[in-house]
Structures are given as C-alpha cells and as structure tokens.
Amino acid sequence: MDRLLRAAGRYALAFLLVLGIVALLPRTLQDAVPDAVVGGAVLVLGFPGTRGTARRPR
C-alpha cells in the first residue's frame with residue numbers, strides 16, 4: 001500500500017509540474033496545447049518514478 005501511495009504522489013507531483021509549466025506559457029500557447037499533450041506529459045514524467053513500484057516485494 002505504501003508503494004501505491006508513493007506512486008500516486010509521484011504522478012500528482014508530475015501533474016502539478018506540468019500544469020505549472022503550462023501556466024507559465026503565454027495565453028495563445030496555452031490555448032494551442034491540446035489536453036492530450038498535457039496528459040501525455042504527466043504520464044511520461046510520472047512513469048520513471050514508478051518503475052520500481054510494480055515489482056513484487058522480495
């Protein structure tokens with residue numbers, strides 16, 4: 001359960017990081033960025049931190 005919470009925390013951190021970067025963009029660029037790109041960026045940034053959580057405990 002601890003690993004699951006850590007993985008969720010990493011994805012939440014990646015989500016906030018991506019939203020912060022998008023918020024810094026000018027308004028015209030914010031409107032041009034599709035939602036799928038933002039979601040994909042969250043998955044790409046959150047995945048490396050969760051690689052070890054999928055393994056079974058030894």
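All of these numbers come straight from a predicted model, not from anything done at the bench.

Colleague: How would you sum up the overall build of the chain? Please name residues and give values.
Modeller: Along the chain, the regular secondary structure elements total 3 helices and 0 strands. Helices and strands in the chain line up, N terminus first, as α-α-α. For the chain, the proportion of its 58 residues judged to be buried stands at 14%. In the structure as shown, the chain presents an accessible area of about 4800 Å², 68% of it carried by carbon and sulfur atoms.

Colleague: Mind laying out helix α1 (residues 2-24), listing which residues take part and the relevant values?
Modeller: Residues spaced three or four apart along an α-helix face the same direction, because each turn holds 3.6 residues. Relative to the 33 Å expected for 23 residues at 1.5 Å per residue, α1 spans 33 Å between its end C-alpha atoms, a close match to the ideal helical length. Residues Ala7, Ala14, Val18 and Val22 constitute the buried set of α1.

Colleague: For a nonpolar patch on the surface, give the residues involved together with the corresponding values.
Modeller: A surface patch of nonpolar side chains, amounting to about 390 Å² of accessible area, comprises Met1, Leu4 and Leu5. By the element assignment, methionine 1 lies in the segment before α1.

Colleague: Describe the confidence of the model for the chain, with residues and values.
Modeller: Residue-level pLDDT values for the chain average 79, and 83% of them are 70 or greater. Element-level mean pLDDT values for the chain span from 77 in helix α3 (residues 35-50) up to 87 in helix α2 (residues 27-32).

Colleague: Give a description of the nonpolar core that names residues and reports values.
Modeller: Of all hydrophobic cores here, the largest spans 5 residues; its members are Ala14, Val18, Val22, Val38 and Val42. Contributing elements (two or more residues each) for this core: α1 and α3. Broken down by element, the residue count for this core peaks at 3 residues, all from α1. In contact with valine 18, not counting residues within four places along its chain, are Val38, Ala41, Val42 and Leu45.

Thresholds, definitions, all that
- Residues numbered from 1 in each chain as written.
- Predicted model: local features only at pLDDT ≥ 70, side-chain atom pairs only at ≥ 80, totals over all residues.
- Heavy atoms only, no water.
- Helix = DSSP H or I, 4+ residues; strand = E, 2+ residues; numbered from the N terminus.
- Buried < 20%, exposed > 50% of the residue type's maximum accessible area, 1.4 Å probe, protein only.
- Areas by Shrake-Rupley, 256 points an atom, 1.4 Å probe, with all protein chains shown as cover.
- Expected span 1.5 Å × (residues − 1).
- Patch = residues over 30% accessible without salt bridge, like charges linked within 9 Å, V, L, I, M, F, W, Y side chains within 5 Å.
- Salt bridge = Lys/Arg side-chain N within 4 Å of Asp/Glu carboxyl O.
- pLDDT = per-residue confidence, 0-100.
- Core = buried A, V, L, I, M, F, W, Y, C linked by side-chain atoms within 4.5 Å.
- Contact = heavy atoms within 4.5 Å.

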